[in-house]
Amino acid sequence: PDPLTNPFVKPEILDSPLTENGRQECAERRTEAAMLNPEVIIVSPLHRAIQTAVISFRDHMDLVPWVAHEGCREQLGLLTCNKRRAISETKAEFPHVDFQYIDSEEDLLWHPTQRELPVDESDRIYTFLTEFLMERPEREL
């Protein structure tokens, strides 16, 4: 893919952050999120996903564990904004998140020339739901 014709493959948007509009939307939902009683907060290891959770669930920040998992990421491949940064960089920025379920420093799930096929995406999400979420002891996630 050519960055001149497709801006979503430009290297400078790697693991893009939450937009200002997105931050505002999260802030507007904080009151609703504060009324929830999660026992754990599970997030994608992408920066904008963690930023979304941090802003929305700020009132739960020190009350419950925060866990990152690759299984709840957006569709993988091609779009540079969906390629995660090195996990050490993300750990440094979000020290309250547990990254034990991330297996590699670099993003080995992302492919530079093709998007994840729908069947592969479904399989990844199904595995996340049945082998990770359903096995957790918490009931409110």
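Placed above this text is the structure.
## Some thoughts on the overall build of the protein
Looking only at helices and strands, one finds four helices and three strands in the protein. Shown N-terminal to C-terminal, the secondary structure of the protein runs as helices and strands in the order α-β-α-β-α-β-α. For 141 residues, the compact-globule formula gives about 14 Å, and the C-alpha radius of gyration of the protein, at 16 Å, lands near that figure. Its C-alpha atoms give the protein principal-axis dimensions of roughly 45 × 35 × 25 Å. The long-range share in the protein, meaning contacts at least 24 apart out of those at least 6 apart in sequence, stands at 78%. Summing over all exposed atoms, the protein offers an accessible surface of approximately 8,300 Å²; the carbon and sulfur share of this is 55%. Between the mean site of the 15 positive side-chain charges and the mean site of the 27 negative ones, the protein shows a separation of 3 Å.

## Observations regarding the packing of aromatic side chains
Across all of its chains, the model carries two aromatic pairs by this definition. Ring geometry for Y101 versus F132: centroids 4.8 Å apart, planes at 70°, classification edge-to-face. With Y101 in the loop between β3 (97–98) and α4 (118–133) and F132 in helix α4, the pair connects residues that are 31 residues apart, well separated along the chain. Between F128 and F132 the ring centres are 5.7 Å apart and the planes differ by 20°, which places this aromatic pair in the stacked class. Taken as a pair, F128 and F132 lie in helix α4 at a separation of four residues, close to a single helical turn.

## Points about the side chain of N82
You can see N82 is positioned in the loop between β2 (66–68) and α3 (87–93). Contact partners of N82, with chain neighbours within four places excluded, come to L46, R48, R73, E74, Q75, D107 and W110.

## Considering the pattern of salt bridges
Under the defined criterion, the tally for this structure stands at 10 salt bridges. In this structure, R85 and E89 form a salt bridge, with 3.6 Å as the shortest nitrogen-oxygen distance. The buried category is assigned to R85, whose relative accessible area is 17%. Take E89: its relative accessible area is 42%, and that puts it in the partly exposed class. Taking the shortest distance from any N to any O, the salt bridge between E116 and R124 comes out at 2.8 Å. Accessibility classification places E116 together with R124 in one group, the buried group. Shared partners join several salt bridges into a network, and the residues in it are E70, R73, R84 and D107.

Cut-offs and rules
Residues numbered from 1 in each chain as written. Predicted model: local features only at pLDDT ≥ 70, side-chain atom pairs only at ≥ 80, totals over all residues. Heavy atoms only, no water. Helix = DSSP H or I, 4+ residues; strand = E, 2+ residues; numbered from the N terminus. Rg over C-alpha atoms; globule rule 2.2 N^0.38 Å. Contact = heavy atoms within 4.5 Å. Areas by Shrake-Rupley, 256 points an atom, 1.4 Å probe, with all protein chains shown as cover. Lys, Arg positive; Asp, Glu negative; His and termini not counted. Charge placed at Lys NZ, Arg CZ, Asp CG, Glu CD. Phe/Tyr/Trp six-rings, centres within 6.5 Å; stacked < 30°, edge-to-face > 60°. Salt bridge = Lys/Arg side-chain N within 4 Å of Asp/Glu carboxyl O. Buried < 20%, exposed > 50% of the residue type's maximum accessible area, 1.4 Å probe, protein only.

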